[in-house]
Structure formats: C-alpha cells, structure tokens
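Observations on the model geometry
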Amino acid sequence: MSTREFAAAAVDPDTEWSPSKSLVAKIIGDQGYDVTPQLVGALAVGLGIDRAIVAAAAHLQVIGYTEVELASGAPAVLLRMIGPDGEADGSTDKAQAIAERWDAEQ
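This one's a predicted model, so the numbers in the text were calculated from it and none came from an experiment. (Residues numbered from 1 in each chain as written. Predicted model: local features only at pLDDT ≥ 70, side-chain atom pairs only at ≥ 80, totals over all residues. Heavy atoms only, no water.)

Details of unusual backbone geometry
Phi is positive for Glu-16, which is not a glycine, with a value near 65 degrees. For Glu-16, the location among the structural elements is in the loop between helix 1 (3-9) and helix 2 (21-28). We classify Glu-16 as exposed; its relative accessible area is 66%. (Helix = DSSP H or I, 4+ residues; strand = E, 2+ residues; numbered from the N terminus. Buried < 20%, exposed > 50% of the residue type's maximum accessible area, 1.4 Å probe, protein only.)

Written out as structure tokens, the structure is:
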C-alpha cells in the first residue's frame, strides 16, 4: 500500500477527515506532526485495528508510558499484539505488513 493509498483509506469515522499523503509521509519519517483525535481515528481505520490501540500507540510514542500504565488496558493490549520484538501475534497482520513495508522504504 502506498502512502497515497493509505491516506485515501484512512478516514476518521466520526469526522470523515483523512490525512494527506504528505502527513502520512511525515508520520513514517518521524517528522513533526500533531496527534489529534481525528488522526488517531483515521489511522485506526487505515490500519484496520481498534482505535484504543492506535491511541495507546500514539501515547506510547509521543508521551511515553510508565511501567504501571503498561500493566493493563489498551497499552498492555498493544504490547501483547505487537510484542516486545516488534512482531505481531497474527491478529494485526495487515498493520504489521504495512509497518514493515514503510520501515523498509526508509
């Protein structure tokens, strides 16, 4: 999936907002961007995973979690799904494939 295809597929269900191709490229490139509820919703749809998981991942990446916060709730689910080695457990095959492709393109 290209960044253009992902941007077209990633549409926040609450607002119908979609990230631009350039915003998707910024996210992939770990460049500056604002995390908004609309972005979280759009990424969840584009990746085909639960919105709470995407929100937890955004929090983990941007703010960071403490060990206590990782013990339960969405952050713990995220860690169980992706795993400490970065490999998905099979329930997120689509998201993992996209992440691996984007990582290879960098």
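Resuming the write-up.
Some details on helix 4 (residues 51-62)
The end-to-end C-alpha distance of helix 4, which contains 12 residues, comes to 16 Å, matching closely the 16 Å that a straight helix rising 1.5 Å per residue would cover. All buried positions along helix 4 are accounted for by Ile-53, Val-54, Ala-56 and Ala-58. (Expected span 1.5 Å × (residues − 1).)

A look at the nonpolar core
Residues Phe-6, Val-24, Leu-43, Ile-49 and Val-54 are the most contacted members of the largest nonpolar core, which totals 15 residues. Per element, the largest residue contribution to this core is 6 residues, and it comes from helix 3 (residues 37-47). (Core = buried A, V, L, I, M, F, W, Y, C linked by side-chain atoms within 4.5 Å.)

Some points on the environment of Ala-7
If you trace the backbone, Ala-7 turns up in helix 1. You can call Ala-7 buried: its relative accessible area is 8%. Considering only alpha carbons, one finds Ala-7 and Val-24, 17 residues apart in sequence, at a separation of 6.7 Å.

Honestly, that's just the spatial picture; any functional story needs more than this.
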